[in-house]
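Observations on the three-dimensional arrangement
This is what each chain is made of:
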Amino acid sequence: MGASHSQSIGLGGLGGAPASFATVVGNTGNNTETDPPPSGRTGGGGSTPAPGWRSYDYVIIGGGSAGCVLAARLSENPNNSVLLLEAGQSHRGDLPFRIPFGFSKASRRLADWHSHTTPQAGLRGRAAYVPRGKILGGSSATSALVYERCPPEDFNQWVSMGATGWSYGDLEPYFKKSEHYIPSPQHPNVDLDVHGTDGPWPTSYSAEVAPIDRYVVNACKALGLPFNQDVSVAQSPLGVTRFIGNIDSKGERSSTATAYIPSDVLARPNLTIAIGITVERIMFDQSAGAKPRARRVLLRNAGDAPLYGVTAAREVVLCAGAIGTPQLLLLSGVGPTEELNKHNIPVVCPLPAVGRNLSDHVSTGPIPFRAQSDLTYDFLRSKFSGLWAELRWRVFGTGPFSSMMWSSGAFVRSTDPRLPYSRAGEPPPPVNDLTSGPGAPDVELVWAPLAVFDEEFGKPPSDVSGVTLAAIALRPQSKGSVTLQSRNVWDAPLINPNLLAAESDINVLIRATRLVMRVARTEPLSSVLRPKPRAAKKDSPWWLCDVDPDKVTDKELEDRLRASATSAWQPTGTARIGASPETSVVDAQLRVHGVDGLRVVDASVFPTPLSGHQCATVVAVAEKAADMLKQSAV
C-alpha cells in the first residue's frame, strides 16, 4: 500500500507492537523491523509508561484534511522525524474515492465514523447523520469536492475575535501555496493571478455538467441573482456560480492524501504513516512550577488490544477534526473541570471552552422536483448505463462520473429585500443578520442532477427523473457541544449541535425553502419541470414540487423542515482560537492554552463558522501551521 516497496508490517519501533498491530504505509526507514513486544508496551488497558518507546520529532494525530498536509510539509526537512496516525484505512484502491460523482457512496462507506448527533429538539427528536472521513485524507476524500475560499469578511471577523494573524490577507498566500489550478477552455475568464498554479492540490472545473444545471443557473439569474464567475477570489461570493472542485487532470477526485502524500513523499525515510490506529489519549509530563507538556501518545488498534505508545520530542499536533479533537482533549484531561470530574478523568489543564461552541451548517434536506428525463443523470441508476458511464470515465476521464454532484450553486443573504422570500402580500418571517459583513452570505442553494429523496421516503423509483435542490443555513445562531459518553475512546462522543434551536435559524430555512420553490417556478427551469398540482400531498417527497409557493404557509414549511432538515456536515468551533483561556482553546499560534508541546490544526479552531465550504480553508490553515511549527523549531 503506497510506494512499490511499501510493506504491511507492524508499528515497527512504535513501542514494540506485534506485526499484526497496524499497517504502515510507505517506506518507514529504520522502522521496518518489529521490535520485541515488551518495548513500549503498557499491557492490556494499562497506562504506565515503559522505557524504550520510539520517539519522533512530531506526532500528528489524524491523517485527514489537515494531517496529510502537515505530514508532507514537516517531513520536507530530512532531519525531522514525523509520525502520522490515522484511525481509518488507506485512500488507495477504492473506486468511489476516485470518482467525482461518487460523493454519495464515498460518504457512507466503511471510510466513515458513522456519527450521529444526539436527538435534536429542533428536529423533533431526530438524530442527524454527521459524516466524518475515516480514511487517509479524511473528509477531503469523501466530501462534495467543492473548492471555495469563503468571503474575506469571515476571516476578518476572526481577527476581531482575537485570532490575530488569521485575516484573509494572512491566509491568501497559503490558499495559493496549496492550489494547483488547471485552466479550463470552457472558463477562459478565470483570473489565474488569484489562484495557485504550483501547489500540490489540483483544482479544476468538471469536464461535464448535466444539462439540467444550466436551466437552474439561468432561473437563478432570472430571479435577479448575478452570475459570479469565481467564488474563490478576494471579493463577495454572492450570486450564482459554477463550482471549482478538487479534480485532477485525469478527471479523478483529489484529496489531501492523493495530493500531499504521493509515492515520492511516502518514500521519505523520515516519514511514517500508520493506519488502523486509534489514539486513546495524550500523556503529559508534569513537574512543579512548569506547564504540563504533551510528550506521549497512547494507542491501540482495537478496543480489547494491548496499549502501545510513542513519544514526541518536539510537539504533538492534534488534527482529529471538530468532533474527534475535543473528544481526545477531554480524554487526556484537558477541558471543563465538571466534564472531566463527571468521568473520573484527572484534570491536567482546566479549559472551559473545550468541546463548547459547536456550530454546524443546517440543510433543508433534499427537495426533489420532477424533471424532463433527457436533462438529468437519473439514467445512471440503470445497471447498464452506470457501467457504461464508469467505463467512459475510466478510459477518458470524462462523462457523468467526472461531474461533481453539486456542479453549481448560489450564495444569497436571507435579508436581501430583492429576493422572493415570502407569500404574496405577506412579510417573510423575522431573522437575525449574523453574516460577517455586507458581502457575505448566510444561505447557500445547491442542486444535484437527479432525484434524491429524504431517508423517510426511501429511494426514488427507477422510472423517475428529477433535479434535487436544497438550501443550507450557513451562519446558524444555535450553538452546541461535544462531550464524552464515557472515559473510553471507543465510545462515540455525544454530538449536540442544537440544530434549529434558535427561532432565527428555522426562519432562515423557511425563507430559503420558499426561494427554492420560486427558482423552480422561474423560466427557463419551470418549462422542463413536471409538477402535479392536484397531487400535492404533505406526506409525499414531491410535496414542495407540487404545491403553490403562494398557498403554502410558513407554519407548513416549518413542520416540513423540522421533519427533514439535517446537518450540512460542516462542524466547527470546538477548540477555537482566541486570546482568553476562558473562552477559547488555542492561541493565535494554535497552541493549546495552559500546556506546552500540543497544537490543534483542524476546523475545530475556527472561531466562527465559515459562510461556505470549509475544506480549502482547513488546508490553508494546515499550510500556515506547518510554517509555524518549522519556525518554532529553529
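**What to know about the overall build of the protein chain**
Broken down by element type, the protein chain carries 14 helices and 26 strands. Here the C-alpha radius of gyration of the protein chain, 24 Å, is about what a compact globule of 634 residues would show, namely 26 Å. Taken along the three principal axes of its C-alpha coordinates, the protein chain extends 75 × 55 × 45 Å. Across the 634 residues that make up the protein chain, the buried fraction comes to 63%. Put simply, of all contacts in the protein chain between residues at least 6 apart along the chain, 71% involve residues at least 24 apart. Surface accessibility of the protein chain: about 22700 Å² in total, with carbon and sulfur atoms responsible for 52%.

**Focus: the pattern of salt bridges**
Inspection of every chain in the model, using the stated rule, returns 27 salt bridges. Residue R98 is joined to E252 by a salt bridge in which the shortest nitrogen-to-oxygen separation is 3.1 Å. In this pair, R98 is assigned in the loop between β4 (82-86) and α2 (103-106) and E252 in the loop between β11 (244-245) and α6 (256-260), connecting sequence segments 154 residues apart. Beyond isolated ion pairs, a larger network of salt bridges with shared partners links R73, E76, K177, E623, D627 and K630.

**Observations concerning the pairing of strand β12 (residues 271-275)**
Counting buried positions along β12 gives five out of five residues, so the element sits mostly inside the fold. Burial along β12 is two-sided: the face carrying L271, I273 and I275 and the face carrying T272 and A274 are both buried. Bridge count between β4 and β12: five bridges; the pairing is parallel. Paired with E86 across the bridge in β12 is I275.

**Concerning unusual backbone geometry**
A cis amide bond links E523 with the next residue in sequence, P524, at an omega value of 5 degrees. Not every positive phi belongs to a glycine, and C150 is a case in point at roughly 75 degrees. The phi angle at L500 is positive, at roughly 60 degrees, despite the residue not being glycine. Mapped onto the elements of the fold, L500 is located in the loop between β24 (494-496) and α11 (503-520).

**Description of the nonpolar core**
Within the largest apolar cluster, 96 residues are counted, with the highest numbers of intra-cluster contacts made by L70, W166, L598 and V601. Looking at this core, the element that brings in the most residues is helix α14 (residues 615-633), giving 11 residues. Apart from the residues within four sequence positions on either side, W166 is in contact with F155, W158, V159, L171, I577, A588, L590, V621, K624 and M628.

**Focus: the pairing of strand β13 (residues 278-285)**
For β13, the tally of buried residues reaches six of eight residues, placing the bulk of the element in the interior. Here β13 pairs with strand β14 (residues 293-300) via seven bridges, running antiparallel. By the bridge assignment for β14, V279 is matched with L299.

**Considerations on the packing of aromatic side chains**
Scanning the entire structure with this criterion turns up 11 aromatic pairs. Ring centres of W158 and F606 lie 4.9 Å apart, and the angle between their planes is 40 degrees; on these two criteria the pair is classed as tilted. With W158 in helix α3 (residues 152-160) and F606 in the loop between β26 (598-600) and α14, this pair connects stretches of sequence that are 448 residues apart. Through pairs of rings, three or more aromatic residues link up here, namely F155, W158, Y168, F175 and F606. Above the plane of the ring of W113 lies K134, whose end atom (NZ or CZ) is 4.4 Å from the centre. One cation-aromatic arrangement involves K624 over W166; the distance from NZ or CZ to the ring centre is 5.1 Å.

**Let's talk about the state of the cysteines**
Disulfides are covalent bonds that link the sulfur atoms of two cysteine residues. The full count for this structure, using the stated rule, is zero disulfides. Cysteine C615 is unpaired, with the sulfur of C150 as its nearest cysteine sulfur at 11 Å. Taking relative accessible area as the criterion, C615 reaches 14% and is therefore assigned buried.

**Some thoughts on the packing of α3 against helix α4 (residues 168-178)**
α4 packs onto α3 with a crossing angle of 125 degrees between their chain directions and a minimal axis gap of 9 Å. One finds that α3 runs oblique with respect to α4. Contact residues: α3 offers P152, F155 and N156, while α4 offers Y168, L171 and F175. For the contact of α3 with α4, the class distribution of residues is five nonpolar, one polar and no charged.

**Considerations on the packing of helix α1 (residues 65-74) against α14**
Between α1 and α14, whose axes approach to 9 Å, the crossing angle comes to 35 degrees. For the element pair α1 and α14, the recorded crossing hand is right-handed. Counted together, S65, A66, V69, L70, R73 and L74 of α1 and C615, V618, V619, A622, E623, A625, A626, L629 and K630 of α14 form the full contact between these two elements.

**Re the confidence of the model for the protein chain**
Overall, the predicted model of the protein chain reaches an average pLDDT of 90, with 90% of residues at or above 70. Segment residues 1-22 is flagged for pLDDT under 50; beyond a separation of four residues in sequence, or across chains, it makes 75 contacts in the model. Here residues 26-51 is modelled with pLDDT under 50, and outside its nearest four sequence neighbours on either side it reaches 69 contacts, counting other chains as well.

**Brief notes about a nonpolar patch on the surface**
On the surface, F384, W388, L391, V395 and F396 cluster together to form a nonpolar patch covering roughly 650 Å² of accessible area. Positionally, F396 belongs in helix α10 (residues 383-396). Judged by its relative accessible area of 64%, F396 falls in the exposed class.

**A short note on helix α13 (residues 554-564)**
For α13, every residue scored as buried is listed here: L557, R560, L561, R562 and S564. Each element contacted by the buried residues of α13 is listed here: α11, α12 (543-546) and β25 (566-567).

**What to know about the environment of H613**
Mapped onto the elements of the fold, H613 is located in the loop between β26 and α14. Spatially, the C-alpha atoms of H613 and W569 are 9.6 Å apart, while their sequence positions differ by 44 residues. For H613, the contacting residues outside a window of four places in its chain are V146, E148, C150, F243, W406, F411, E444 and Q570. In this structure the side chain of H613 is engaged in a polar contact, spanning 2.7 Å, whose partner is the side chain of E444.

**Quick notes on the side chain of R73**
Residue placement: R73 occurs in helix α1. At 2.8 Å, the side chain of R73 and the side chain of E76 are in polar contact. If we skip the residues at most four places from it in the chain, R73 touches K177, P200, Y260, E623, A626 and K630.

**Side note on the side chain of S332**
Checked against the element boundaries, S332 lands in the loop between α8 (321-331) and β16 (334-335). Of the residues examined, S332 reaches a relative accessible area of 6% and is grouped as buried. One polar contact links the side chain of S332 to the main-chain carbonyl oxygen of L328, over a distance of 2.7 Å. If near-sequence neighbours (up to four positions away) are discounted, S332 is found in contact with R281, I282, F284 and V348.

Reading the values: rules and limits
Every chain is numbered on its own, with residues counted from 1 as its sequence reads. Reporting of local features is limited, given that this is a predicted model, to residues whose pLDDT is at least 70; pairs of side-chain atoms are given and counted only at 80 or more, and all residues count toward the totals for whole chains, interfaces and linings. Excluding hydrogens and water, the side-chain figures rest on all heavy atoms present in the structure. Strands are runs of DSSP state E lasting at least two residues, helices are runs of H or I lasting at least four, and both sets are numbered from the N terminus onward. For this measure, only C-alpha atoms enter the radius of gyration; the expected value for a globule follows 2.2 Å times N^0.38, where N is the number of residues. Only protein chains enter the accessibility calculation, which uses a 1.4 Å probe; a residue is then buried when its area is under 20% of its type maximum, exposed when over 50%, and partly exposed in between. Should any heavy atoms of two residues lie within 4.5 Å, those residues are counted as being in contact. Surface accessibility in these figures is a Shrake-Rupley result with a 1.4 Å probe; residues are shielded only by whichever protein chains are displayed. We define a salt bridge as a contact between a side-chain nitrogen of Lys or Arg and a carboxyl oxygen of Asp or Glu at a distance within 4 Å. Strands are treated as partners if at least two bridges between them are detected by DSSP. Here, nonpolar core means buried Ala, Val, Leu, Ile, Met, Phe, Trp, Tyr and Cys residues that are tied together by side-chain atoms lying within 4.5 Å of each other. Only Phe, Tyr and Trp rings are paired, with Trp represented by its six-membered ring, and only when their centres lie within 6.5 Å; those with planes under 30 degrees apart are stacked, over 60 edge-to-face, the remainder tilted. By definition, being over a ring means that NZ of Lys or CZ of Arg is both within 6 Å of the ring centre and within 35 degrees of the ring normal. Cysteine sulfur atoms that pair up within 2.5 Å are treated as a disulfide. For helices, the axis comes from a line fit to the C-alpha atoms of the stretch in contact; other axes are also lines fit to C-alpha atoms, and the angle between any two N-to-C directions lies between 0 and 180 degrees. Any angle that is under 35 degrees is reported as roughly parallel, and any over 145 degrees as roughly antiparallel; angles of 65 to 115 degrees are reported as roughly perpendicular and all others as oblique. Each residue gets one label: Ala, Val, Leu, Ile, Met, Phe, Trp, Tyr, Cys and Pro are nonpolar, Asp, Glu, Lys and Arg are charged, and the others, such as Gly, are polar. Should the near helix be turned counterclockwise from the far one by less than a right angle, the crossing is left-handed, whereas a clockwise turn marks it as right-handed. Looking at any residue, its pLDDT shows the predictor's confidence there, from 0 to 100. Here, patches come from residues exposed beyond 30% relative accessible area and free of salt bridges, joined within 9 Å for like charges and within 5 Å for nonpolar side chains (Val, Leu, Ile, Met, Phe, Trp, Tyr). Pairing of N or O atoms within 3.5 Å defines a polar contact, subject to two protein rules: one partner must be a possible hydrogen donor and the other a possible acceptor, and residues neighboring in sequence count only if both atoms are side-chain atoms.

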